[in-house]
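Structure assessment
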Amino acid sequence: MAGSGRRPEHRGPPELFYNEFEARKYTQNSRMVEIQSQMSERAVELLGLPEDRPCLLLDVGCGSGLSGDYISDEGHYWIGMDISPAMLDVAVEREVEGDLLLADVGHGIPFRPGMFDGCISISAVQWLCNADKKSHSPPKRLYRFFSTLYTALARGSRAVLQLYPENSEQLELITAQAMRAGFTGGMVVDYPNSAKAKKFFLCLFVGASGTLPKGLGTECADGEEIHQAKFTNERTRFRNAKGKSVKKSRDWILEKKERRRRQGKEVRADTKYTGRKRRPRF
């Protein structure tokens, strides 16, 4: 159930569609990587995680680990689930920092109660609406997924699931099964008036109901609030607006290597050449 920048036309179950060729093609597509990163950032933002400690997140339909890269960059830990062996093989080759599990989430989330501080999913949940086998019942598979996800999440946490519904009936089916499983919350729609930028995020609360966040681009001019990026003349060479190290910079690489060491993984020693850019070869 690998995530994607845009859901392809349905051509069979995801574990067959995302074969080795498609998995590598997707992961090497710079535009897809950028879109995935943007949606992952928005999903994590909607989780409303505490800023004073790292959290353990579940990534449903983690694919080749593109969403996990953003989670790791934010200093959190994650476990990814996907039904495509080819996608997970690419994630292993990329040496992602999260743990990976080959599984069909339509069979449920196989983790102990209250284990996760939050869950994200990018472009994956709508696959559960397809009956790829005679034994598949979309309502039952969705309910099994949501009910076990509810159990695996800590009380007071959230799940943010970005999805591409084919129609309003599919959207209602997904939402109804989530609410039946015990979740509260609703749909956050970013840029609802844009055909290209419009994104659906199902924002679900575990336990006490929270205030549903506002979608981006839902308010306009004439004195109303507008979501705009702020620009300054300051040169932020090593840090971005959030105070994080700029991706691919020396500081970013050193921080990533240190996280991997804490996880007990083998990492090359730091040298004066770490993070140094190579000159292009002709």
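Read on for a plain summary of the structure. Just so you know, these numbers come straight off a predicted model, no measurement behind them.

This brings us to the overall build of the protein chain. Helix and strand content of the protein chain: eight helices and seven strands. Split into buried and exposed, the 282 residues of the protein chain put 45% on the buried side. Residue pairs at least 24 apart in sequence account for 65% of intrachain contacts in the protein chain once pairs closer than 6 positions are excluded. Within the structure as shown, the protein chain displays about 16100 Å² of accessible surface, and the carbon and sulfur contribution to it stands at 50%.

A word on the pairing of strand S3 (residues 99-102). Judged from the four bridges that link them, strand S2 (residues 77-82) and S3 form a sheet pairing that is parallel. Pairing of Gly80 across the sheet is with Leu100, part of S3. The handedness of the S2 to S3 crossover, carried by helix H5 (residues 85-93), is right-handed.

A few words now on the sheet that holds strand S1 (residues 56-60). Reading across the sheet, the seven strands line up as S3-S2-S1-S4-S5-S7-S6 and stay open at both edges, with mixed pairing between neighbours. Here the strands that pair on one side only, and so sit at the sheet edges, are S3 and strand S6 (184-190). Strand after strand, the sheet turns through a mean of 15° between neighbouring axes, direction not considered. Relative to strand S7 (residues 199-205), S6 runs antiparallel, the two being bridged by seven bridges. Bridging from a neighbouring strand, Asp190 pairs with Lys199 of S7. Contacts from H5 reach S2 and S3, with the element oriented near 165° to S3. Across the sheet, helix H7 (residues 168-180) touches strand S5 (153-163), S6 and S7, and the angle it forms with S7 is around 15°.

A few words now on H7. Between its first and last C-alpha, H7 extends 18 Å over 13 residues, near the 18 Å set by a 1.5 Å rise per residue. The complete set of buried residues in H7 reads Gln170, Leu171, Ile174, Gln177 and Ala178. For H7, the arc enclosing every buried residue in end-on projection is 140°, short of the 170-degree limit, so these residues lie on one face. Those residues of H7 that are exposed and aimed more than 90 degrees away from the buried face are Glu169, Glu172 and Arg180. Against the buried residues of H7 lie helix H6 (138-152), S5, S6 and S7.

Attention now goes to the packing of helix H3 (residues 30-47) against helix H4 (residues 66-73). Close contact between H3 and H4 brings their axes to 9 Å; oriented N to C, the two are set at 50°. With respect to H4, the axis of H3 lies oblique. Like other packed secondary-structure pairs, H3 and H4 cross with a definite hand, here right-handed. The segment H3 lies against H4, with Val33, Gln36, Ser40, Glu41 and Val44 engaging Leu66, Ser67, Tyr70 and Ile71.

Bringing the pattern of salt bridges into the picture now. Enumeration over the complete set of coordinates arrives at five salt bridges. The residue Arg94 makes a salt bridge to Asp69 at a minimum N-O spacing of 2.3 Å. Taken together, the residues Arg94 in the loop between H5 and S3 and Asp69 in helix H4 connect sequence positions 25 residues apart. Assessed through its relative accessible area of 30%, Arg94 is described here as partly exposed. Exposure remark for Asp69: the relative accessible area of 17% places this residue in the buried category. Between Asp104 and Arg141 there is a salt bridge, with its nearest N and O atoms 3.1 Å apart. With Asp104 in the loop between S3 and strand S4 (116-122) and Arg141 in helix H6, this residue pair connects regions lying 37 residues apart in the sequence. Like Arg141, Asp104 is buried. Among the charged side chains, a network of salt bridges with common partners joins Arg42, Glu45 and Asp190.

Conventions we followed
- Residues numbered from 1 in each chain as written.
- Predicted model: local features only at pLDDT ≥ 70, side-chain atom pairs only at ≥ 80, totals over all residues.
- Heavy atoms only, no water.
- Helix = DSSP H or I, 4+ residues; strand = E, 2+ residues; numbered from the N terminus.
- Buried < 20%, exposed > 50% of the residue type's maximum accessible area, 1.4 Å probe, protein only.
- Contact = heavy atoms within 4.5 Å.
- Areas by Shrake-Rupley, 256 points an atom, 1.4 Å probe, with all protein chains shown as cover.
- Pairing = 2+ DSSP bridges.
- Right-handed = clockwise from strand over helix to strand, strands pointing away.
- Axes fitted to C-alpha atoms, helices over the stretch in contact; angles between N-to-C directions.
- Expected span 1.5 Å × (residues − 1).
- Arc of directions from axis to C-beta.
- Parallel < 35°, antiparallel > 145°, perpendicular 65-115°, else oblique.
- Left-handed = near helix turned anticlockwise from the far one by under 90°.
- Salt bridge = Lys/Arg side-chain N within 4 Å of Asp/Glu carboxyl O.

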